[in-house]
Structures are given as C-alpha cells and as structure tokens.
Amino acid sequence: RPVAKRTLPRYFSEAAASDSGNLVINFNLPHETIYDGKEVSQVIVPGVAGEYGVTAGHSAIVSQMKAGVLQIIHTDSPEPEKYFVPGGFALSHENSVTDITCPEAVKLDDIDGSAVTSNFNEAKKVFDGAEEGSEAKALAQIDMDVNRSMAQAIGVTIA
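Residues numbered from 1 in each chain as written. Predicted model: local features only at pLDDT ≥ 70, side-chain atom pairs only at ≥ 80, totals over all residues. Heavy atoms only, no water.

Participant: Kindly report on the overall build of the protein chain, identifying the contributing residues and their values.
Facilitator: Helix and strand counts for the protein chain come out as 2 helices and 9 strands. Seen in sequence order, the protein chain has helices and strands lined up from the N terminus as β-β-β-β-β-β-β-β-β-α-α. Residue burial in the protein chain is summarised as follows: out of 159 residues, 38% are buried. By sequence separation, contacts in the protein chain at least 24 residues apart represent 52% of the contacts at least 6 residues apart. Here the protein chain displays about 9500 Å² of accessible surface, and carbon together with sulfur accounts for 50% of that area. (Helix = DSSP H or I, 4+ residues; strand = E, 2+ residues; numbered from the N terminus. Buried < 20%, exposed > 50% of the residue type's maximum accessible area, 1.4 Å probe, protein only. Contact = heavy atoms within 4.5 Å. Areas by Shrake-Rupley, 256 points an atom, 1.4 Å probe, with all protein chains shown as cover.)

Participant: Explain the nonpolar core residue by residue, including any values.
Facilitator: Residues Phe27, Val43, Val45, Met65, Leu70 and Ala105 are the most contacted members of the largest nonpolar core, which totals 20 residues. The dominant element in this core, judged by the number of residues it contributes, is strand S2 (residues 32-47), at 5 residues. Setting aside anything within four residues of it in sequence, one finds Ala105 in contact with Phe27, Leu29, Ile34, Tyr83, Phe84 and Val85. Ranked by size, the runner-up nonpolar core spans 14 residues in total, among them Ile111, Met144, Met150 and Ala151. (Core = buried A, V, L, I, M, F, W, Y, C linked by side-chain atoms within 4.5 Å.)

Participant: Explain the environment of Ile44 to me, and be specific about the residues and the numbers.
Facilitator: Tracing the chain through its elements places Ile44 in strand S2. When the C-alpha atoms of Ile44 and Leu70 are compared, they prove to be 5.9 Å apart, with 26 residues separating the residues in sequence. Discounting residues that sit within four places of it in the chain, Ile44 has contacts with Glu51, Tyr52, Gly53, Val69, Leu70, Gln71 and Ile73.

Written as structure tokens, this is what we have:
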C-alpha cells in the first residue's frame, strides 16, 4: 500500500544567507535576542565533541555546546567578539544560517575574575560538605564546572 509523502514544517530559520556569501546567525537567550539575522564571517562554537568553526556553506549540523567561549567573527573586523556560554545548542542549516541558543551568555570583558574565583570556592565548600549522590552535591559540581570554565576563558587560575 502506498505511503503518503508529507512535508514536515520547519521551526527554525528559513532565511538564506545574503548574496554577499556570508554566514547569517541568530543568537538567542531565553530573555534576550543578541543577533537576529546578523551577517558574519564565521562563528567558532565550543561543541561538546570539540570546538569547530562555521562559515557560509557549512554542512548542516546540530551540536550541543559545552561551557566555553563562543566566538563571532564579524565581516568588518578580524578580531572575534567573545561570549562565555554555559552550554546550549548550535544548529547550522544548509542555507548558511546558524541558530545559537543558550541559557545565558556574557561577554568575556564583562566577567569579573575575583567573582569567578569566589563563586568557585563557595561551590567547592558546598560540594565537599554535601552528601554523596545528593542534589546539592550535583548542583555544586555544575557550579564548579561552569566557574572553572569561566576562569579558563578569562585566564584566571583557580585551585
């Protein structure tokens, strides 16, 4: 018996890259849109499987991001704009559009190294004092990992 073909709706970006041949990015947080349809030269994504770059014409890929530095290289500057992200997802489409979604993003220049060190030390105290297998211990581990990644991103050494 024949099976009817059905086209599934797309729920992500339909806009194609401009005629300039640049990559188009949409960079969204739950509470803010950082870029919507912005043309850039490249995005460097901190993927769980490794850091990778995306340019116009990149093959389609869905990637989970790890805590790290997301770099956006604009068409008018070789110096990347850098954001610390605690994780999220990057979806690169065949039409040279990449959607980036994450729970939070902070420009590296806005990160206070002493606050990161203090937050890490506080999370470590909670971790050390929490019962093995408890939710408190798991949450403290996440705080430690994120603060360790932030410290590494800005060049701060923590114990």
